[in-house]
Amino acid sequence: MKAELINKSASGIETYTIENDNGMRAEFITFGARIFKLFVKDKNDNLVDVVAGFDTPDGFREENPYFNAVIGRVGNRIGGAKFTLDGKEYNLYKNDGNNHLHGGKVGFDSRMWTAQILGDDSVKMSRLSQDGEEGYPGNLQVSVTYTLTPDNALELKYEAVCDQDTICSLTNHAYFNLDGTFETVLDHEVFIGADKVTVVDDELIPHGELKDVKGTAFDFTTAKKIGKDIKADEHMIEIARGYDFNYVLRGEGVRKVATAYSQNSGIEMSVYTDRKCMQLYTGNFLGGLKGKKTYGYQSAFCMETQGYPNACNVPEFDSMTLEKDTKYTAYTKYAFDIK
Ligand code: BGC
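In this report, we go over the structure that sits alongside the text. Along each chain, the written sequence defines residue order, and numbers are assigned to residues from 1. Given that the model is predicted, a residue must reach a pLDDT of at least 70 before its local features are reported, and side-chain atom pairs must reach 80 or more before they are shown or counted; all residues, however, enter totals for whole chains, interfaces and linings. The side-chain quantities take in all heavy atoms of the structure and omit both hydrogens and water.

1. Remarks on the nonpolar core
Move 1: Remark: nonpolar core denotes a set of buried residues (Ala, Val, Leu, Ile, Met, Phe, Trp, Tyr, Cys) joined through side-chain atoms within 4.5 Å. Relative accessible area decides the class of each residue, using a 1.4 Å probe on protein chains only: under 20% of the type maximum gives buried, over 50% gives exposed, and in between gives partly exposed. In this structure, Leu-38, Tyr-247 and Phe-336 are the most contacted members of the largest nonpolar core, which totals 70 residues.
Move 2: In this structure Phe-336 touches Met-24, Leu-38, Val-40, Val-50, Asp-151, Asn-152, Phe-176, Leu-178, Ile-267, Glu-268 and Met-269, once residues within four positions along its chain are discounted.
Move 3: Ile-78, Ala-81, Leu-85 and Val-314 belong to the second largest nonpolar core, which has 17 residues in total. It only takes one pair of heavy atoms within 4.5 Å for two residues to be counted as in contact.

Have a look at this one:
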C-alpha cells in the first residue's frame, strides 16, 4: 500500500491516491475533502468505480449535489436556519427554502482542505472553519482521515475542536451505485438495522417525532430492494420523491448498521459507524447531471451516518452541541465484499 499525491490541478486542487494489495483504490481531492474515485472489484474481478462525480477534480467546482464531500459544520437540515446556544440566537444561511442544508452557501464541501499523508494507507484532510462562517459560532479546527484497509474497507475518522461552544455534526455525502453504471439503484438490496425513522414535515425537517418502521415502506430491517416500496402511498415518501429519511440505528458504539448489495456486480457494501443515526437518500433530486456518468433520478444512493438532524432545535434529540475545547470524534467505515 502506498498513499501518494498524484495531481495538482491548475486551480490548486490536489488529488491523493491510496491503493491496497488487492487492487482496491481510492482517490481523494482537497476540494471539499471529497472521495473522487473508489475502485472496488466486482464478482468478475473487474474494477468498478462505485462513487459518482466528475472526470476531473475541477469538475467538482461546478454546481452539484455534494458529490462525496465532507458535509459540515452541520449535516442535514436546520429548520428555520437558526438555533439558540448559550442563550444567544444564531442565524445561518438559508440555502434550502427557509432552512439551512448541509452547512450553507459555501459549506465544507466547497472549501479547500489541506492534505497530509499519514503512513502508507491514510490521507488526512484538515481545515479551519472560522468564527462566523455561514453563521456558526467559533473557530473550528476540523479534519477527516481516510484510510484504506487491507480488507477492502474505507474508513473515515472525523475530529474537530472549537474555541467556543458551537454545534457540529459531520458526515460524508458519497453517492454510491454498486454496479458503477449509475443507471438505477432501485434493484440494489438494502438492510438497515433501525426500528425507527424521524418523522419530517413537508420541508423535510424533523421535529422530534419518531415512527416505527415495522411493516411499513420505511422498513429495511429485512433486506429488500430499494425499489420494492419506493412508490408506496406514504406522504413522507411522496414529499421526498423517494427515501430521504433519517434512521435511528440500533445499538451503540462502532457496529454494523447497514448493507447494500447489487446482484449484477456481486458487490456488497457494509456500513459501520459509531453514530446514532443514518440518512438513506435515494438520489431523488438527481436529474441528469453529466459527470463521469449521467446521473438521473435514483441512479445513486447515499448512506450518510450522522447525529439526529435538527437536534439543535429539538430538545428530545441527543444534542449536537460541541463544547468549547472539547474534542468531537466520529467514525464510519464502508466495507466491500463479494457475495
Ligand atoms: C438530503 C437531501 C438533499 C441532498 C442534496 C441529502 O443528504 O437528505 O434532501 O436534497 O442531500 O443533494
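2. Regarding the side chain of Glu-304
Move 1: Mapped onto the elements of the fold, Glu-304 is located in strand E27 (residues 302–306).
Move 2: Only four residue types enter the tally: Lys and Arg on the positive side, Asp and Glu on the negative side; His and the chain ends are excluded. By salt bridge we mean one thing: a side-chain nitrogen of Lys or Arg within 4 Å of a carboxyl oxygen of Asp or Glu. Buried charge without a partner: Glu-304 forms no salt bridge, and the closest opposite charge is Arg-77, 8.1 Å away.
Move 3: Each residue touching Glu-304, except ones within four places of it in the same chain, is listed here: His-102, Thr-171, Asn-172, His-173, Cys-277, Met-278, Gln-279 and Tyr-281. Each helix is a run of DSSP H or I of at least 4 residues and each strand a run of E of at least 2, with the numbering of both proceeding from the N terminus.

3. Focus on the site of the ligand
Move 1: If a single non-hydrogen atom of a residue is within 4 Å of a molecule or strand, that residue counts as near it. The full set of residues close to the ligand is Pro-65, Tyr-66, Arg-77, His-102, His-173, Tyr-175, Asp-244, Gln-279, Tyr-281, Phe-285 and Glu-304.
Move 2: Between His-102 and the ligand, the recorded distance is 2.9 Å, taken from a side-chain N or O atom to an oxygen atom.
Move 3: What qualifies as a polar contact is a pair of N or O atoms within 3.5 Å, subject to a donor-acceptor requirement within protein and to the restriction that residues adjacent in sequence count only when both atoms come from side chains. Within the side chain of His-173, a nitrogen or oxygen atom sits 2.8 Å from an oxygen atom of the ligand.
Move 4: Shrake-Rupley sampling with a 1.4 Å probe provides the accessible areas, and residues are treated as covered by the protein chains on show and by no other component. Compared with its free state, where it exposes 310 Å², the ligand has 94% of that area covered by protein.
Move 5: Asp, Glu, Lys and Arg are counted as charged, while Ala, Val, Leu, Ile, Met, Phe, Trp, Tyr, Cys and Pro are counted as nonpolar; the rest, among them Gly, fall into the polar class. Residue classes in the shell around the ligand are distributed as five nonpolar, three polar and three charged.

4. Concerning the sheet that holds strand E18 (residues 194–200)
Move 1: With antiparallel pairing, the five strands of this open sheet are ordered in space as E19-E18-E21-E24-E27. A strand with exactly one partner marks an edge of an open sheet, and here the two such strands are strand E19 (206–212) and E27. Direction aside, the axes of adjacent strands within the sheet are offset by 35° on average.
Move 2: In this description, strands pair whenever DSSP reports at least two bridges between them. Two elements, strand E24 (residues 277–281) and E27, share five bridges in a ladder whose sense is antiparallel. Paired with Gln-279 across the two strands is Glu-304, which belongs to E27. To define axes, lines are fitted to C-alpha atoms, for helices over the stretch in contact only, and angles between the resulting N-to-C directions are given on a 0 to 180 degree scale.

5. What about unusual backbone geometry?
For residues other than glycine, phi is negative in most cases, and the peptide bonds are mostly trans.
Move 1: Backbone torsion omega between Gly-72 and Arg-73 reads 5°, so that peptide bond is classified as cis.
Move 2: Take Arg-73: it is sitting in the loop between strand E6 (70–71) and strand E7 (77–78).
Move 3: Notably, Asp-45 is not glycine yet its phi reads approximately 70°, a positive angle.
Move 4: Tracing the chain through its elements places Asp-45 in the loop between strand E4 (34–41) and strand E5 (47–49).
Move 5: For Ala-81, which is not glycine, the phi dihedral falls at a positive 50°.
Move 6: The residue Ala-81 is located in the loop between E7 and strand E8 (82–85) in this model.

6. Description of the pairing of strand E29 (residues 328–338)
Move 1: Counting buried residues along E29, eight of its 11 residues qualify, which places the element largely inside the surrounding structure.
Move 2: Where strand E14 (residues 153–162) meets E29, eight bridges bridge the pair, whose relative direction is antiparallel. When the bridges of E29 are listed, Ala-153 appears paired with Ala-335.
Move 3: Inspection of the sheet shows strand E23 (residues 267–273) paired to E29 by seven bridges, in the antiparallel sense. Residue Tyr-272 lies in a different strand from E29, and its bridge partner there is Lys-333.

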